[in-house]
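What the coordinates show
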Amino acid sequence: MEEEWIPFRRRVEWSDVNPVPQDEGPNPIVPIAYKDEFVEVMDYFRAVYLADERSSRSLSLTAEAIRCNAGNYTVWHFRRLVLEALHLNLLHELDYLEHVAGDNPKNYQIWHHRRWVAGKIGADATVKELDFTRKVLSLDAKNYHAWSHRQWALQALGGWEGELDYCHHLLKKDVFNNSAWNQRYFVVTKSPFLGGLTAMRASEVCYTIEAIETNPENESPWRYLCGLYKDDTESWVTDPQVTSAIIKVLYMKANHVFALSTLLDLLCHGLKPNEALKRRTFHTNARGIEYTYDKFPFAKPTKYELPSPI
Amino acid sequence: MAESEQHSSAMPEITESQGKQWAVENDVFQIYRFFSSSSREDQDALLKLRRDNHIEYLNKGLRQLPASFCTLDANRPWLCYWIVHSLALLGESIDDADLEDNAIDFLSRCQDQNGGYGGGPGQLPHLATTYAAVNSLITIGGEKALSSINREKLYKFLLRMKVASGGFSMHDGGEVDVRACYTAISVASVLNIMDDDLVQDVGNFVLSCQTYEGGIAGEPGAEAHGGYSFCGLATLALINEVQRLDLPRFIDWLVFRQGVEGGFQGRTNKLVDGCYSFWQGGAFPLLQRLGSVVNEQLGIGTEEHTSISTEGVDSPDLSEDDPDHEGTSSQADKHFHPKGKGQTSDRSKVSLSDIGAEFLERNMDIPPLLQSAVLQDYILLCCQVPQGGLKDKPREHRDFYHTCYCLSGLSVCQHIWSKSLDSPPLPWAIRGPYSNLLEPIHPLYNVILDKYHEAHDFFSASEL
Ligand SMILES: [Zn+2]
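Residues numbered from 1 in each chain as written. Chains lettered and ligands numbered in written order. Predicted model: local features only at pLDDT ≥ 70, side-chain atom pairs only at ≥ 80, totals over all residues. Heavy atoms only, no water.

**Things to note about the overall build of chain B**
Here is the rule we go by: Only DSSP runs of H or I reaching four residues or more are called helices, and only runs of E reaching two or more are called strands; each is numbered from the N terminus. The classification of residues rests on relative accessible area computed with a 1.4 Å probe and restricted to protein chains. Under 20% of the type maximum is buried, over 50% is exposed, and intermediate values are partly exposed. Residue contacts are counted whenever heavy atoms from the two residues lie within 4.5 Å of one another. Surface exposure here means Shrake-Rupley accessible area, sampled with a 1.4 Å probe, where a residue is shielded only by the protein chains that are shown.
Across its full length, chain B holds 23 helices and two strands. In chain B, which comprises 464 residues, the proportion classed as buried is 61%. Counting contacts in chain B only where the partners sit at least 6 residues apart, residues at least 24 apart contribute 73% of the total. Looking at chain B as shown, the accessible area adds up to about 17800 Å², and 50% of this sits on carbon and sulfur atoms.

Put into structure tokens, the structure is as follows:
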């Protein structure tokens, strides 16, 4: 139930404050037809902000200003100053933020504030942050801010243990979710428990190739596959699993663009194509590679010799 | 139970990503089918840029916005830039002198006494709104607008926002990301207040955001994203460190972001969106001028790259020797196209304050790697609201942000085949009637080219 809003000028506890109107000049451009409530809240906000009054009534005033416009970073900034001055239990602030974020899942300021609060709380916030981002991602599995926050929380607070499973869970739900693939890469390369990219590569390549073969039209695992060999061109070019996956896909569709593009990348990095590969690609369909050249004309000059069709 | 499982493995369920993608494809293809089944005259009419209606929509917004814009009350310089820049792209200056004065006066009230511009009068200075305010004032142009910017204090503000990682914080205690780098560096560059202190380690920060996919993320570890990719690439170009980025990987990611709809998506497997016509599309005119760097990274000699084929494409045959630019371009050639190994050291000699101007004079070794015609079709047929304004995709609503970035992307497409931004494109480069032609932009700052030149002359006359 929403209580009736009482204007500040009729509230006793604010009677000592002189509201400060916005100084936008006589003929502002992009003028907004503010509602009376918005004007009043902001006028009182400006008053406490300019007086630098870090009090509990200022804190509740910032909440009203945020309700008017959650994108006002000046209000959030001041709220942080007030929170610090009042030494309040910041766990309540996380609850407050969860409430505000409901309507604004893509608002920079809310997420930035949340990072600040959770950082102040430290390890005690770990579970809360992972649960909260999981909740937001269950509604929008590609929310950029939520993913950034989650990555920050993992690095700053910990909680890596279940993260690879979480990625798998999301990919099982939607294997086209590139954000989940990106998170998987993040976990594989950065988790303190998994031993890094080199230790994880073999199992990740299997996982990825399976995803490619189930759904060759999905660009995400193709990019992920290439990423698994980052900084190790030698293995990228020589791993037979990679070329055999490409051949398999090209066998189904000779001009498959992701397969050809990956092949082109391998060739650029020095792959010597074997007979099977030659037969599969250049013999059956020269148009596919031409298409790839259209997209990468600068790759055409003679760094490598095109194998002649058999 | 067992049966339904069997059933689901035989007929894999459509995932959320696929479902959304197919719905959008359906909308878009319906529009294209209708278009291709129309008569020639109707097609011309459909492709027509609704210039007058866009101008009316924009002019209205400049003069009055409804209460629903309260949620953008901390973005008023942005609203100003989106509108003023859109009008300028359409060849309209703010017709009435009073309105121009009002704009300058209003933005001055957003300027903080210690430098930088906030989201509205009395708000904390913020890098993004500083970028928007500065670009607005450059677009308005003239002595009064340009001299209203307090560059000394703005420089100090930028320096205050610098953080240890080399990046920038959006505002005092604000978020650190690639947007902040771009807005800070773009402003510093165009106002001729860039120096080594500002540039220090910015490149490191941007590089740490290039992902395994090849694009650039907002911060290290995050997902490659169109908005941040443009910001990162432009930042590196502006500080002359673009050779540190893995460009082949970047390009590989970028070219695949243009989809069957004709428009661009912001991230892999996300939906097409008109605003990426600029954020992704705007990277191509930058890449065009980075041919020597790309070739160097690919290990391709500088001689060979001149033979890059544009066969089958009728590129405009414009005179190489534009008399107006002969002097500067031969100078630029010496700077940017030395043969062989001396290149890297030569490049580092370029003064930071000249990059914006010299960038325009570079040879365009790489042909446009985007499909310019179909992107124009997407913008004109799928993003235009007939009553004025442009939007993200069919079924969405117009707004000033999408109007600005759809039009910016359209301008990029129209001019991308021209050998010089100063010469008008040939008719085949323009989809729809030639009257669709928009003003060219400076691709590093996204301000109208003429206005950039005016500002460059104005600010290069005075070092800080
Ligand atoms: Zn958009």
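So that's the structure; there's more coming.
**Structural notes on the coordination of the zinc ion**
Residue and element names in this part refer to chain B. Formally: Donor atoms are limited to N, O and S found within 2.8 Å of the metal ion, a distance that becomes 3.2 Å for Na, K and Ca. With water left out, some sites might look partial.
At the metal site, the zinc ion is ligated by Asp273 (OD), Asp273 (OD), Cys275 (SG) and His402 (NE2), and these contacts range over 2.0 to 2.6 Å. Each donor residue of the zinc ion lies on one chain, and together they are spaced D-x1-C-x126-H. Taken as a pair, cysteine 275 in the loop between helix H14 (247-255) and helix H15 (276-279) and histidine 402 in helix H22 (residues 400-415) lie far apart in primary sequence, 127 residues in all. Pair check on accessibility: cysteine 275 and histidine 402 agree, each one buried.

**Some points on helix H2 (residues 56-68) of chain A**
An α-helical turn contains 3.6 residues, so any two residues separated by three or four positions project in the same direction. Here is the rule we go by: A helix is expected to span 1.5 Å multiplied by its residue count minus one.
End to end, H2 of chain A covers 19 Å across 13 residues, agreeing with the expected 18 Å (1.5 Å per residue, within 8%). Residues of H2 of chain A that are buried include every one of Arg57, Ser58, Leu59, Leu61, Thr62, Glu64, Ala65, Ile66 and Cys68 of chain A, and no others.

**Overview of the confidence of the model for chain A**
Residue and element names in this part refer to chain A. The criterion, for reference: As a per-residue measure, pLDDT tells how confident the predictor is, with possible values from 0 to 100.
Taken over all residues, the pLDDT of chain A has a mean of 90, while the share at 70 or more is 89%. Within the model, pLDDT remains below 50 along residues 283-293, and this stretch shows 21 contacts once partners closer than five positions in the same chain are excluded. Note on residues 295-310: pLDDT under 50 across the span, and 40 contacts to partners over four residues away in sequence or across chains.

**Overview of the nonpolar core**
Soluble globular proteins: nonpolar side chains tend toward being buried together. Here is the rule we go by: As used here, the term nonpolar core means buried Ala, Val, Leu, Ile, Met, Phe, Trp, Tyr and Cys residues forming a set that is joined through side-chain atoms within 4.5 Å. Start and end positions for the domains come from either an automated domain assignment or a database one.
By size, the foremost hydrophobic cluster in this structure holds 232 residues, and its most contacted members are Phe168 and Leu233 of chain B. Top contributing element to this core by residue count: helix H5 (residues 76-89) of chain B, with ten residues. Both domains that meet at this core, namely domain 1 (1-88) and domain 2 (197-283) of chain A, each give it at least three residues. Contacts of leucine 233 of chain B, omitting those with residues within four sequence positions, involve Ile216, Val242, Leu245, Leu247, Phe250, Ala283, Leu286, Leu287 and Leu290 of chain B.

**With respect to the packing of aromatic side chains**
All names here are of chain A. Basically, it comes down to this: Any Phe, Tyr or Trp ring, taking Trp's six-membered ring, that has another such ring centre within 6.5 Å forms a pair; planes under 30 degrees apart are called stacked, those over 60 apart edge-to-face, and the others tilted.
Counted by the stated rule, this structure contains 39 aromatic pairs over all chains. For the pair phenylalanine 45 and phenylalanine 78, a centre-to-centre distance of 5.8 Å together with 75 degrees between the ring planes defines the contact as edge-to-face. Residue phenylalanine 45 is located in helix H1 (residues 36-50), and its partner phenylalanine 78 is located in helix H3 (residues 73-86); the two are separated by 33 residues in the primary sequence. Assessed through its relative accessible area of 0%, phenylalanine 78 is described here as buried.

**Considerations on the domain arrangement of chain A**
Per the domain assignment, the segments making up chain A are domain 1 (1-88) and domain 2 (197-283). Placing the centre of domain 1 of chain A and that of domain 2 of chain A at their C-alpha centroids yields a distance of 57 Å.

**Thoughts on the packing of H3 of chain A against helix H5 (residues 108-121) of chain A**
Residue and element names in this part refer to chain A. Keep this limit in mind: All axes are obtained by fitting lines to C-alpha atoms, using only the stretch in contact for helices, and the reported angles, taken between N-to-C directions, cover 0 to 180 degrees. Should an angle fall under 35 degrees it is called roughly parallel, over 145 degrees roughly antiparallel, and 65 to 115 degrees roughly perpendicular, with every other angle called oblique. Crossing handedness is read from the near helix: turned anticlockwise from the far helix by less than a right angle, it gives a left-handed crossing, and turned clockwise, a right-handed one. Basically, the charged four are Asp, Glu, Lys and Arg, the nonpolar ten are Ala, Val, Leu, Ile, Met, Phe, Trp, Tyr, Cys and Pro, and anything else, Gly included, counts as polar.
Contact pair H3 / H5: the axes reach a minimum separation of 10 Å and the direction vectors enclose 15 degrees. Viewed along their axes, H3 and H5 adopt a mutual orientation that is roughly parallel. In the crossing of H3 with H5, the sense of the turn from one axis to the other is right-handed. Contacts between H3 and H5 involve Tyr73, Trp76, Arg79, Arg80, Leu83 and Glu84 from the former and Gln109, Ile110, His112, His113, Trp116 and Lys120 from the latter. Tallied by class, residues from the contact of H3 with H5 come to five nonpolar, three polar and four charged.

**What about empty space enclosed by the protein?**
Taking a probe equal in size to a water molecule and rolling it over the atoms shows the remaining empty space. Put simply, the rule is: Grid points spaced at 1 Å and placed over the protein atoms alone form the basis of the search, with a cavity being a set where a 1.4 Å probe fits but cannot get out and a pocket an open set showing protein on both sides within 12 Å along at least five of seven lines. Lining residues have an atom within 4 Å of a point. Grid points are joined across faces, edges and corners, and a volume is the space filled by probe spheres set on the points.
According to the stated counting rule, one finds six cavities of 30 Å³ or more in the structure shown. Considering only enclosed or pocket space, the largest cavity measures out at about 100 Å³ in volume. Together, Pro285, Gln288, Arg289, Ser411, Val412, His415, Ile416, Leu421, Pro440, Ile441 and Pro443 of chain B line the largest cavity. When contributions to the lining of the largest cavity are tallied by element, the ones reaching two or more residues are helix H16 (283-288) and H22 of chain B. Counting residues per element, the lining of the largest cavity draws most heavily on H22 of chain B, which supplies three residues. Residues of the lining of the largest cavity, tallied by class, amount to seven nonpolar, three polar and one charged. For the second largest cavity, the calculated volume is near 80 Å³. Lining the second largest cavity, in full, are Gln22, Met42, Phe45, Arg46, Tyr49, Asn72, Thr74 and Val75 of chain A together with Pro121, Gly122 and Gln123 of chain B. Only H1 and H3 of chain A provide two or more residues apiece to the lining of the second largest cavity. For the lining of the second largest cavity, the element with the most residues is H1 of chain A, which contributes four residues.

**Description of the confidence of the model for chain B**
Residue and element names in this part refer to chain B. Looking at chain B, pLDDT values average 89 and 86% of them are 70 or higher. Predicted confidence for residues 1-8 stays below pLDDT 50, and this span has one contact to residues more than four positions away or in other chains. Below a pLDDT of 50 lies the segment residues 304-348, which in the model reaches 56 contacts outside its immediate sequence neighbourhood of four places, other chains included. Our summary of model confidence lists the complex with pTM equal to 0.90 and ipTM equal to 0.90.

**Topic: the environment of glycine 282 of chain B**
Residues and elements named next belong to chain B. When you line up the elements, glycine 282 lands in the loop between H15 and H16. It is 23 Å that separates the C-alpha atoms of glycine 282 and methionine 194, two residues lying 88 residues apart in sequence. Sequence-distant contacts of glycine 282, that is, excluding residues within four places in its chain, are made with Phe230, Ser277 and Val412.

**Regarding the pattern of salt bridges**
A side chain of one charge can pair with a side chain of the opposite charge when the charged atoms of the two come close. For clarity, the cut-off: One side-chain nitrogen of Lys or Arg within 4 Å of one carboxyl oxygen of Asp or Glu is enough to make a salt bridge.
Applying the stated criterion to the full structure yields 37 salt bridges over all chains. A salt bridge links arginine 76 of chain B to glutamate 24 of chain A; the nearest nitrogen and oxygen atoms lie 2.7 Å apart. Within this pair, whereas arginine 76 of chain B is found in helix H5, its partner glutamate 24 of chain A is found in the segment before H1, the two belonging to separate chains. Classification of arginine 76 of chain B as buried rests on a relative accessible area of 0%. Close ionic contact of lysine 106 of chain A with aspartate 140 of chain A constitutes a salt bridge, the shortest N to O distance being 3.7 Å. Taken together, the residues lysine 106 of chain A in the loop between helix H4 (90-101) and H5 and aspartate 140 of chain A in the loop between helix H6 (126-139) and helix H7 (144-157) connect sequence positions 34 residues apart. Residues participating in the shared-partner salt-bridge network are Glu219, Arg223 and Asp265 of chain A together with Arg249, Asp252 and Arg257 of chain B.

**Here's the deal with helix H13 (residues 240-252) of chain A**
Taking 1.5 Å as the rise per residue, H13 of chain A with 13 residues should run 18 Å; its terminal C-alpha atoms sit 19 Å apart, in good agreement. Within H13 of chain A, burial applies to Val242, Thr243, Ala245, Ile246, Ile247, Val249 and Leu250 of chain A.

**What about unusual backbone geometry?**
Both trends apply: most residues other than glycine have a negative phi, and most peptide bonds are in trans. All names here are of chain B. The backbone phi angle of asparagine 269 is positive, close to 65 degrees, even though this residue is not glycine. Within the secondary structure, asparagine 269 is located in the loop between H14 and H15. Classification of asparagine 269 as buried rests on a relative accessible area of 18%. The phi torsion at arginine 395 lies on the positive side, around 80 degrees, for a residue other than glycine. For arginine 395, the location among the structural elements is in the loop between helix H21 (372-382) and H22. The class of arginine 395 is exposed, set by a relative accessible area of 69%.

**Focus on the environment of cysteine 404 of chain B**
Residue and element names in this part refer to chain B. Along the polypeptide, cysteine 404 turns up in helix H22. Considering only alpha carbons, one finds cysteine 404 and tryptophan 82, 322 residues apart in sequence, at a separation of 5.1 Å. With residues up to four places along the chain from it excluded, the contact list for cysteine 404 reads Tyr81, Trp82, His85, Ser86 and Leu89.

**Observations concerning the packing of helix H10 (residues 178-190) of chain B against helix H13 (residues 226-238) of chain B**
All names here are of chain B. Orientation of H10 relative to H13, taken along the N-to-C sense of each, is 40 degrees, at an axis distance of 8 Å. The orientation of H10 relative to H13 falls into the category oblique. Handedness of the crossing formed by H10 with H13: left-handed. Touching Val178, Arg179, Cys181, Tyr182, Ile185, Ser186 and Ser189 of H10 are Tyr228, Phe230, Cys231, Gly232, Ala234, Thr235 and Leu238, all from H13. Tallied by class, the residues present in the contact of H10 with H13 amount to nine nonpolar, four polar and one charged.

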